[in-house]
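A structural walkthrough
One-letter residues, chain by chain:
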Amino acid sequence: MKLIEREYLKELIDIIGTPDIKVITGVRRSGKSKLLEMFKEYITENIKDANIININFNLIKFDKLRDYISLNNYIEEHYIDGKKNFVLIDEVQMCKEFERTINSLHAEEKYDIYITGSNAFLLSSDLATLFTGRTYEIQVYPFSFKEFMKYFEYENIQEAFDKFVFEGGMSGSYIYNENQKKYNYINDVYNALIIRDIMQKYNIQNISLMDSLTEFMMDNISNLTSCRRIANKLNENNVNTNDKSIGNYINYL
(Lines give C-alpha, C1' and ligand atoms only; values in the text may rest on other atoms or scores of the structure.)
Protein backbone atom coordinates (compact mmCIF):
# COMPACT_ATOMS: atom_id res chain seq x y z
CA MET A 1 0.00 0.00 0.00
CA LYS A 2 1.46 3.36 -0.99
CA LEU A 3 1.89 6.11 1.56
CA ILE A 4 0.96 9.74 1.19
CA GLU A 5 2.45 12.51 3.28
CA ARG A 6 -0.14 13.65 5.79
CA GLU A 7 -0.33 17.05 7.43
CA TYR A 8 0.39 15.38 10.77
CA LEU A 9 3.96 14.66 9.62
CA LYS A 10 4.66 18.35 9.13
CA GLU A 11 3.27 19.03 12.58
CA LEU A 12 5.63 16.44 14.08
CA ILE A 13 8.60 17.91 12.22
CA ASP A 14 7.76 21.39 13.50
CA ILE A 15 7.97 20.30 17.15
CA ILE A 16 11.26 18.39 16.97
CA GLY A 17 13.44 19.35 19.92
CA THR A 18 10.68 20.81 22.07
CA PRO A 19 10.64 19.54 25.68
CA ASP A 20 7.08 18.20 25.49
CA ILE A 21 6.05 14.54 25.54
CA LYS A 22 4.58 14.15 22.06
CA VAL A 23 1.52 11.91 22.12
CA ILE A 24 -0.04 10.63 18.88
CA THR A 25 -3.59 9.43 19.50
CA GLY A 26 -6.37 8.10 17.31
CA VAL A 27 -8.72 5.19 16.71
CA ARG A 28 -7.42 1.83 15.54
CA ARG A 29 -6.22 1.82 11.92
CA SER A 30 -6.27 5.60 11.59
CA GLY A 31 -2.60 5.67 10.60
CA LYS A 32 -0.71 6.31 13.86
CA SER A 33 1.90 3.62 13.27
CA LYS A 34 2.46 4.62 9.64
CA LEU A 35 2.87 8.23 10.72
CA LEU A 36 5.52 7.23 13.25
CA GLU A 37 7.30 5.19 10.56
CA MET A 38 7.35 8.18 8.23
CA PHE A 39 8.63 10.39 11.03
CA LYS A 40 11.42 7.91 11.75
CA GLU A 41 12.41 7.99 8.07
CA TYR A 42 12.48 11.79 8.16
CA ILE A 43 14.80 11.80 11.20
CA THR A 44 17.10 9.23 9.60
CA GLU A 45 17.37 11.21 6.37
CA ASN A 46 17.60 14.72 7.79
CA ILE A 47 19.19 14.66 11.25
CA LYS A 48 22.73 13.30 10.95
CA ASP A 49 23.58 13.13 14.65
CA ALA A 50 20.33 11.37 15.62
CA ASN A 51 20.12 8.22 17.69
CA ILE A 52 16.68 6.66 17.30
CA ILE A 53 15.44 4.30 20.02
CA ASN A 54 12.42 2.74 18.35
CA ILE A 55 10.05 0.32 20.10
CA ASN A 56 6.97 -1.15 18.43
CA PHE A 57 4.81 -3.13 20.82
CA ASN A 58 2.96 -4.67 17.88
CA LEU A 59 6.08 -6.79 17.31
CA ILE A 60 6.78 -9.90 19.39
CA LYS A 61 10.47 -9.06 19.74
CA PHE A 62 9.52 -6.26 22.13
CA ASP A 63 7.30 -8.42 24.38
CA LYS A 64 10.04 -8.55 27.01
CA LEU A 65 9.68 -4.78 27.47
CA ARG A 66 6.04 -4.87 28.56
CA ASP A 67 6.77 -3.70 32.09
CA TYR A 68 7.95 -0.18 32.85
CA ILE A 69 11.29 -1.18 34.42
CA SER A 70 12.36 -3.30 31.44
CA LEU A 71 11.26 -0.55 29.07
CA ASN A 72 13.23 2.07 30.99
CA ASN A 73 16.36 -0.10 31.15
CA TYR A 74 16.22 -0.83 27.41
CA ILE A 75 16.00 2.87 26.53
CA GLU A 76 18.78 3.84 28.95
CA GLU A 77 21.03 1.10 27.53
CA HIS A 78 20.54 2.44 24.00
CA TYR A 79 21.19 6.08 24.90
CA ILE A 80 24.25 7.55 23.15
CA ASP A 81 25.93 10.54 24.74
CA GLY A 82 26.58 13.42 22.38
CA LYS A 83 23.76 12.42 20.02
CA LYS A 84 20.21 13.70 19.69
CA ASN A 85 18.35 10.81 21.27
CA PHE A 86 14.85 10.22 19.93
CA VAL A 87 12.52 7.79 21.72
CA LEU A 88 9.74 6.46 19.47
CA ILE A 89 7.26 4.04 21.08
CA ASP A 90 4.33 2.61 19.15
CA GLU A 91 1.22 1.42 21.08
CA VAL A 92 2.75 2.42 24.41
CA GLN A 93 -0.36 1.32 26.36
CA MET A 94 0.73 -2.30 25.84
CA CYS A 95 3.45 -1.73 28.44
CA LYS A 96 2.17 -1.99 32.02
CA GLU A 97 2.59 1.31 33.90
CA PHE A 98 4.28 2.87 30.88
CA GLU A 99 3.64 6.36 32.28
CA ARG A 100 6.25 5.79 35.00
CA THR A 101 8.95 5.25 32.41
CA ILE A 102 7.82 8.14 30.20
CA ASN A 103 7.73 10.54 33.16
CA SER A 104 11.17 9.42 34.29
CA LEU A 105 12.69 9.82 30.83
CA HIS A 106 11.11 13.24 30.48
CA ALA A 107 12.51 14.33 33.85
CA GLU A 108 16.04 13.43 32.70
CA GLU A 109 15.73 16.03 29.90
CA LYS A 110 17.96 14.11 27.49
CA TYR A 111 15.37 12.44 25.24
CA ASP A 112 12.98 13.70 22.57
CA ILE A 113 9.93 11.52 23.25
CA TYR A 114 7.19 10.45 20.82
CA ILE A 115 4.56 7.85 21.68
CA THR A 116 1.41 6.52 20.05
CA GLY A 117 -1.63 5.04 21.73
CA SER A 118 -5.19 4.02 20.97
CA ASN A 119 -7.97 6.44 21.94
CA ALA A 120 -9.43 3.72 24.13
CA PHE A 121 -6.39 3.88 26.40
CA LEU A 122 -5.00 7.39 25.85
CA LEU A 123 -7.91 9.79 25.82
CA SER A 124 -7.12 13.50 25.83
CA SER A 125 -8.65 13.74 29.28
CA ASP A 126 -6.21 11.08 30.55
CA LEU A 127 -3.00 12.83 29.50
CA ALA A 128 -2.79 15.36 32.34
CA THR A 129 -3.35 12.56 34.86
CA LEU A 130 -0.83 10.15 33.31
CA PHE A 131 2.05 12.50 32.63
CA THR A 132 3.69 14.94 35.01
CA GLY A 133 5.42 16.81 32.18
CA ARG A 134 3.77 18.91 29.50
CA THR A 135 2.27 16.92 26.64
CA TYR A 136 1.69 17.87 23.02
CA GLU A 137 -1.11 15.79 21.52
CA ILE A 138 -1.54 15.10 17.83
CA GLN A 139 -4.95 13.58 17.15
CA VAL A 140 -4.83 11.39 14.03
CA TYR A 141 -8.06 10.77 12.14
CA PRO A 142 -8.87 8.42 9.24
CA PHE A 143 -8.32 9.84 5.75
CA SER A 144 -10.18 13.03 4.98
CA PHE A 145 -11.87 13.43 1.60
CA LYS A 146 -8.91 15.59 0.50
CA GLU A 147 -6.48 12.81 1.43
CA PHE A 148 -8.71 10.22 -0.26
CA MET A 149 -8.49 12.21 -3.51
CA LYS A 150 -4.73 12.56 -3.14
CA TYR A 151 -4.25 8.84 -2.49
CA PHE A 152 -6.25 7.71 -5.54
CA GLU A 153 -5.13 10.70 -7.66
CA TYR A 154 -8.69 11.65 -8.59
CA GLU A 155 -9.35 14.64 -10.83
CA ASN A 156 -13.15 14.36 -10.92
CA ILE A 157 -14.29 15.52 -7.48
CA GLN A 158 -17.86 14.19 -7.83
CA GLU A 159 -16.66 10.72 -8.83
CA ALA A 160 -14.28 10.75 -5.90
CA PHE A 161 -16.96 11.84 -3.45
CA ASP A 162 -19.39 9.14 -4.61
CA LYS A 163 -16.73 6.54 -3.89
CA PHE A 164 -15.65 8.13 -0.60
CA VAL A 165 -19.24 7.97 0.71
CA PHE A 166 -19.16 4.18 0.36
CA GLU A 167 -15.54 3.46 1.30
CA GLY A 168 -14.81 6.07 3.97
CA GLY A 169 -11.42 7.01 5.37
CA MET A 170 -10.05 3.75 6.76
CA SER A 171 -7.09 3.54 4.41
CA GLY A 172 -6.32 -0.08 5.29
CA SER A 173 -9.37 -1.08 3.23
CA TYR A 174 -7.96 0.53 0.08
CA ILE A 175 -5.67 -2.40 -0.70
CA TYR A 176 -8.68 -4.66 -1.39
CA ASN A 177 -10.11 -4.71 -4.91
CA GLU A 178 -13.55 -6.11 -4.10
CA ASN A 179 -16.13 -4.01 -2.25
CA GLN A 180 -17.19 -6.87 0.01
CA LYS A 181 -13.61 -7.37 1.18
CA LYS A 182 -13.34 -3.64 1.85
CA TYR A 183 -16.52 -3.75 3.93
CA ASN A 184 -15.31 -6.85 5.79
CA TYR A 185 -12.15 -4.97 6.74
CA ILE A 186 -14.11 -1.95 7.98
CA ASN A 187 -16.46 -4.24 9.93
CA ASP A 188 -13.48 -5.90 11.61
CA VAL A 189 -12.12 -2.49 12.64
CA TYR A 190 -15.54 -1.54 14.01
CA ASN A 191 -15.78 -4.74 16.03
CA ALA A 192 -12.28 -4.19 17.43
CA LEU A 193 -13.19 -0.66 18.51
CA ILE A 194 -16.46 -1.66 20.16
CA ILE A 195 -15.70 -5.09 21.57
CA ARG A 196 -11.97 -5.12 22.30
CA ASP A 197 -11.50 -1.49 23.28
CA ILE A 198 -14.65 0.14 24.64
CA MET A 199 -16.23 -2.93 26.21
CA GLN A 200 -12.98 -4.00 27.87
CA LYS A 201 -12.10 -0.54 29.15
CA TYR A 202 -15.50 0.08 30.75
CA ASN A 203 -16.30 -3.55 31.60
CA ILE A 204 -19.57 -3.44 29.65
CA GLN A 205 -21.71 -6.52 30.20
CA ASN A 206 -24.72 -5.72 28.01
CA ILE A 207 -23.20 -6.28 24.57
CA SER A 208 -26.56 -6.40 22.78
CA LEU A 209 -27.49 -2.96 24.12
CA MET A 210 -24.21 -1.47 22.85
CA ASP A 211 -24.78 -3.07 19.43
CA SER A 212 -28.35 -1.76 19.25
CA LEU A 213 -27.28 1.73 20.32
CA THR A 214 -24.46 2.01 17.79
CA GLU A 215 -26.71 0.75 14.99
CA PHE A 216 -29.40 3.28 15.94
CA MET A 217 -26.91 6.15 16.06
CA MET A 218 -25.41 5.25 12.68
CA ASP A 219 -28.89 5.04 11.16
CA ASN A 220 -29.75 8.47 12.56
CA ILE A 221 -26.68 10.53 11.73
CA SER A 222 -27.58 14.26 11.58
CA ASN A 223 -30.97 13.72 13.26
CA LEU A 224 -31.58 15.61 16.49
CA THR A 225 -32.23 13.23 19.36
CA SER A 226 -31.84 12.71 23.11
CA CYS A 227 -30.92 9.89 25.45
CA ARG A 228 -34.55 9.56 26.50
CA ARG A 229 -35.77 9.34 22.91
CA ILE A 230 -33.16 6.73 22.03
CA ALA A 231 -34.10 4.67 25.08
CA ASN A 232 -37.78 4.85 24.14
CA LYS A 233 -37.09 3.77 20.56
CA LEU A 234 -34.95 0.83 21.69
CA ASN A 235 -37.57 -0.23 24.23
CA GLU A 236 -40.15 -0.24 21.43
CA ASN A 237 -37.89 -2.76 19.66
CA ASN A 238 -37.70 -5.00 22.74
CA VAL A 239 -34.27 -3.74 23.88
CA ASN A 240 -34.65 -3.12 27.59
CA THR A 241 -32.85 0.07 28.67
CA ASN A 242 -33.24 3.56 30.12
CA ASP A 243 -31.94 7.05 29.41
CA LYS A 244 -29.22 6.83 32.11
CA SER A 245 -27.68 3.70 30.56
CA ILE A 246 -27.89 5.24 27.10
CA GLY A 247 -26.15 8.40 28.36
CA ASN A 248 -23.34 6.35 29.89
CA TYR A 249 -22.85 4.28 26.74
CA ILE A 250 -22.76 7.37 24.53
CA ASN A 251 -20.07 8.85 26.78
CA TYR A 252 -18.05 5.64 26.40
CA LEU A 253 -18.38 5.81 22.62
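Starting from 1, residues in each chain are numbered consecutively following that chain's sequence as written. With pLDDT at 70 or above as the cut-off, local features in this predicted model cover only qualifying residues; side-chain atom pairs require 80 or more to be listed or tallied, and sums for whole chains, interfaces and linings still use all residues. Computation of side-chain values covers all heavy atoms of the structure but excludes hydrogens and water.

1. Some words on the side chain of glutamine 93
To qualify as a helix, a DSSP run of H or I must reach at least 4 residues; to qualify as a strand, a run of E must reach at least 2; elements of each kind are numbered from the N terminus. Within the secondary structure, glutamine 93 is located in the loop between strand 3 (84-90) and helix 4 (98-108). Taking the relative accessible area as the measure of exposure, glutamine 93 reaches 19% and is therefore buried. A polar contact is formed between the side chain of glutamine 93 and the side chain of glutamate 91, at a distance of 2.7 Å. Note on classification: 1.4 Å probe, protein chains only; a residue is buried when its accessible area is under 20% of the maximum for its type, exposed when over 50%, partly exposed between these limits. Polar contact criterion, stated in full: a pair of N or O atoms within 3.5 Å, where within protein one must be able to donate a hydrogen and the other to accept it, and residues adjacent in sequence count only if both atoms are side-chain atoms.

2. Looking at a nonpolar patch on the surface
Patch building starts from residues that exceed 30% relative accessible area and form no salt bridge, then joins like charges within 9 Å and nonpolar side chains (Val, Leu, Ile, Met, Phe, Trp, Tyr) within 5 Å. To be clear on the numbers: accessible area is Shrake-Rupley with a 1.4 Å probe, and residue cover counts the displayed protein chains and nothing else. For this analysis, a salt bridge means a side-chain nitrogen from Lys or Arg found within 4 Å of a carboxyl oxygen belonging to Asp or Glu. The grouping of Phe161, Val165, Phe166 and Tyr183 at the surface amounts to a nonpolar patch, some 410 Å² of accessible area in total. When residues of the nonpolar patch are assigned to their parent elements, the largest contribution, three residues, is made by helix 7 (residues 157-167). Note that valine 165 resides in helix 7.

3. Digging into helix 2 (residues 32-46)
Under the convention used throughout, the expected extent of a helix is 1.5 Å for every residue step, that is, one less than its residue count. Look at helix 2: 21 Å from first C-alpha to last across 15 residues, which is about the 21 Å you get at 1.5 Å a residue. Among all positions in helix 2, only Lys32, Leu35, Leu36, Met38, Phe39 and Ile43 are buried. Projection of helix 2 onto a plane perpendicular to its axis shows the buried side chains occupying an angular sector of 160°, all on one side. Those residues of helix 2 that are exposed and aimed more than 90 degrees away from the buried face are Thr44 and Glu45. Looking at the packing, one finds that the buried side of helix 2 touches helix 1 (7-14), strand 1 (21-26), strand 2 (50-56), strand 3 and strand 4 (112-118). Directions are taken from the helix axis to each C-beta atom, and the arc is the one they span. Two residues qualify as a contact provided that any one of their heavy atoms is within 4.5 Å of a heavy atom in the partner residue.

4. Let's talk about the packing of helix 10 (residues 227-236) against helix 11 (residues 243-252)
The geometry of helix 10 relative to helix 11 is characterised by a closest axis approach of 8 Å and an angle of 110° between their N-to-C directions. One way to sum up the angle between helix 10 and helix 11 is to call them roughly perpendicular. The hand of the helix 10/helix 11 crossing is right-handed. For the pair helix 10 and helix 11, the contacting residues are Cys227, Arg228, Ile230, Ala231 and Leu234 in the first and Asp243, Ile246, Gly247 and Ile250 in the second. Under this grouping Gly is polar, as are all residues other than the nonpolar Ala, Val, Leu, Ile, Met, Phe, Trp, Tyr, Cys and Pro and the charged Asp, Glu, Lys and Arg. Partitioned by chemical class, the residues of the contact of helix 10 with helix 11 number six nonpolar, one polar and two charged. Angles shown run from 0 to 180 degrees and are taken between the N-to-C directions of axes, each axis being a line fitted to C-alpha atoms and, for helices, limited to the stretch in contact. Put simply, angles under 35 degrees are roughly parallel, angles over 145 are roughly antiparallel, angles from 65 to 115 are roughly perpendicular, and the rest are oblique. Take the far helix as the reference: if the near one is turned anticlockwise from it by less than a right angle, the crossing is left-handed, and if turned clockwise, right-handed.

5. Some remarks on the environment of asparagine 54
Residue position: asparagine 54 is located in strand 2. Of the residues examined, asparagine 54 reaches a relative accessible area of 26% and is grouped as partly exposed.

6. Describing the pairing of strand 3
Buried residues dominate strand 3, accounting for six of its seven residues. Examined bridge by bridge, strand 2 and strand 3 share seven bridges and lie parallel to one another. By the bridge assignment for strand 3, asparagine 51 is matched with asparagine 85. Viewed with both strands pointing away, a crossover whose connecting path from the first strand over the helix to the second turns clockwise is right-handed. In the classification by handedness, the crossover that spans strand 2, the intervening helix 3 (residues 68-77) and the parallel strand 3 is right-handed. The β-α-β motif built from strand 3, the intervening helix 4 and the parallel element strand 4 has right-handed crossover chirality. Being paired, for any two strands, means DSSP has found at least two bridges between them.

7. Some remarks on the nonpolar core
Among the nonpolar cores identified, the biggest contains 23 residues, and Ile55, Ile75, Ile89, Ile115 and Phe131 are the most heavily contacted of them. Going through the elements one at a time, strand 1, strand 2, helix 3, strand 3, helix 4 and strand 4 are the ones with two or more residues in this core. Residues enter a nonpolar core if they are buried and are Ala, Val, Leu, Ile, Met, Phe, Trp, Tyr or Cys, with the set joined through side-chain atoms within 4.5 Å. Counting 17 residues, the second-largest nonpolar core is a separate cluster that includes Met38, Phe39, Phe86 and Tyr114.

8. Points about the packing of aromatic side chains
The pairing test for Phe, Tyr and Trp rings, Trp by its six-membered ring, is centres within 6.5 Å, and the orientation test on the planes gives stacked under 30 degrees, edge-to-face over 60, and tilted for anything in between. Applying the stated rule across the entire model yields 20 aromatic pairs. Judged by centre distance (5.6 Å) and plane angle (80°), the rings of phenylalanine 148 and tyrosine 174 are edge-to-face. Note that phenylalanine 148 is positioned in helix 6 (residues 145-152) and tyrosine 174 in the loop between helix 7 and helix 8 (179-201), a separation of 26 residues in sequence. Here the aromatic cluster, defined as three or more aromatic residues joined through ring pairs, consists of Phe143, Phe145, Phe148, Tyr151, Phe152, Tyr154, Phe161, Phe164 and Tyr174. Whether a charge lies above a ring is judged from NZ of Lys or CZ of Arg, which has to be within 6 Å of the ring centre and within 35 degrees of the ring normal. It is lysine 110 that lies over the ring of tyrosine 79; its NZ or CZ is 4.3 Å from the centre. In this structure, lysine 163 packs its charged tip against the face of phenylalanine 152, placed 4.4 Å from the ring centre.

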